[in-house]
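A look at the structure
Each chain, written out:
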Amino acid sequence: MKKILAVASAGGHWTEMMLLKEIFDGHDVAFVCTMEMYRSEVAPNRFYAIPGVSRLYKRSIAVSVAKLLFILVREKPDVVITTGSAPGLLAIFFSKMLGARTVWIDSIASIEQLSLSGRMAKKFADLWITQWPHLADPVDGPTYQGSVL
Amino acid sequence: MKVFVTVGSMLPFDRLVCAMDAWAKEHSEAEVFAQVGETSLCPANMEYSAMISPSEYRDHFAACDVVVSHVGMGTIITASEFCKPLVMLPRRAELKELTNNHQFETAKWLEGRPGIRIIYSDGELAEAISKSIGSDGGSIVETGTRGKLINTLRQFISN
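Residues numbered from 1 in each chain as written. Chains lettered and ligands numbered in written order. Predicted model: local features only at pLDDT ≥ 70, side-chain atom pairs only at ≥ 80, totals over all residues. Heavy atoms only, no water.

Residues and elements named next belong to chain B. In spatial order, the strands read β3-β2-β1-β4-β5-β6; together these six strands make up an open sheet with parallel pairing. Two strands in the sheet have a free side with no partner beyond their single neighbour: β3 (47–49) and β6 (116–118). On average, adjacent strands in this sheet sit at an angle of 15° to one another, irrespective of strand direction. Two elements, strand β4 (residues 66–69) and strand β5 (residues 86–88), share three bridges in a ladder whose sense is parallel. Bridge pairing in β5 places Val-67 opposite Leu-86. (Pairing = 2+ DSSP bridges. Helix = DSSP H or I, 4+ residues; strand = E, 2+ residues; numbered from the N terminus. Axes fitted to C-alpha atoms, helices over the stretch in contact; angles between N-to-C directions.)

What follows covers the pattern of salt bridges. A side chain with one charge can pair with a side chain of the opposite charge if their charged atoms come near. Residue and element names in this part refer to chain A. According to the stated counting rule, one finds eleven salt bridges over all chains in the structure shown. Close ionic contact of Asp-28 with Arg-46 constitutes a salt bridge, the shortest N to O distance being 3.2 Å. Pair noted here: Asp-28 is in strand β2 (residues 28–33) and Arg-46 is in strand β3 (residues 46–49), with a separation of 18 residues, a long-range link. You can call Arg-46 partly exposed: its relative accessible area is 31%. (Salt bridge = Lys/Arg side-chain N within 4 Å of Asp/Glu carboxyl O. Buried < 20%, exposed > 50% of the residue type's maximum accessible area, 1.4 Å probe, protein only.)

To continue, consider the packing of helix α1 (residues 14–26) of chain B against helix α5 (residues 125–132) of chain B. Residues and elements named next belong to chain B. Viewed as axis vectors pointing N to C, α1 and α5 meet at an angle of 65°, and their least axial separation amounts to 10 Å. The angle between α1 and α5 places the two elements in the roughly perpendicular class. Where α1 crosses over α5, the two elements pack in a sense that is right-handed. Residue-level contacts link Leu-16, Ala-19, Met-20 and Trp-23 of α1 to Leu-125, Ala-126 and Ile-129 of α5. Its residues assigned to classes, the contact of α1 with α5 shows seven nonpolar, no polar and no charged. (Parallel < 35°, antiparallel > 145°, perpendicular 65-115°, else oblique. Left-handed = near helix turned anticlockwise from the far one by under 90°. Contact = heavy atoms within 4.5 Å. Nonpolar A, V, L, I, M, F, W, Y, C, P; charged D, E, K, R; others polar.)

Here it is, written out as structure tokens:
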């Protein structure tokens, strides 16, 4: 049994994570989302809400980072999985430094190119996934392994 | 007839909210509920809430006849699940409705699929809604590759 931290922003990112829920069967998983109201969706699993981060909400980055570090120290996950967005990128950045293995799953909404966070995730993701075959590249791009749909 | 409007949590989408409020005024027989996000607008002709919980979201999906929304992936996936017809207006970066134009890309990918009507201006709203009423939602998107993704992830976790 592994300790897993699943990080997804509210909305589509979270919906995509929920379609993958069965990967957590048999493991100890805690969830991180940008909205408290999603807690009941994954009860009785542990759940943490952090502020959203984007180019539009620059002020909340410090709070998100502090909360994420608190969560990572407390949870000590073996594996961190995110479907985005920016808070997920922060999560795999810090958890990689703390020794966890990391997965970035770029949203299926990023069709013509990887999301900005997805491109930055390359350096911090042990498994770097796009959900579109045409965005995969065996040399220096993400890998395609199917999609949530 | 019940119409569910949803614009997601990221940014306001006042262009759609205003257009739907005007539509609701013209169609007093319709029951419209709108999830409008963080906006200063106060729609006068429809019920609304800034945010709703995932369970309320699903309740609205189950009860409505048609969904009118931005081009959000969560909405697309949920509409597939409930087989509801969708009318979607993509957000535009140049109007500061989004930080990039990925909703346009998604809209192009969705065009022509059964159960979904993509519109590019709010002027097309009334016609798209009336065509959607009573039409099938159908499963809009299904690639059949989820099992492969799940296997890959399970293997990675266990290693």
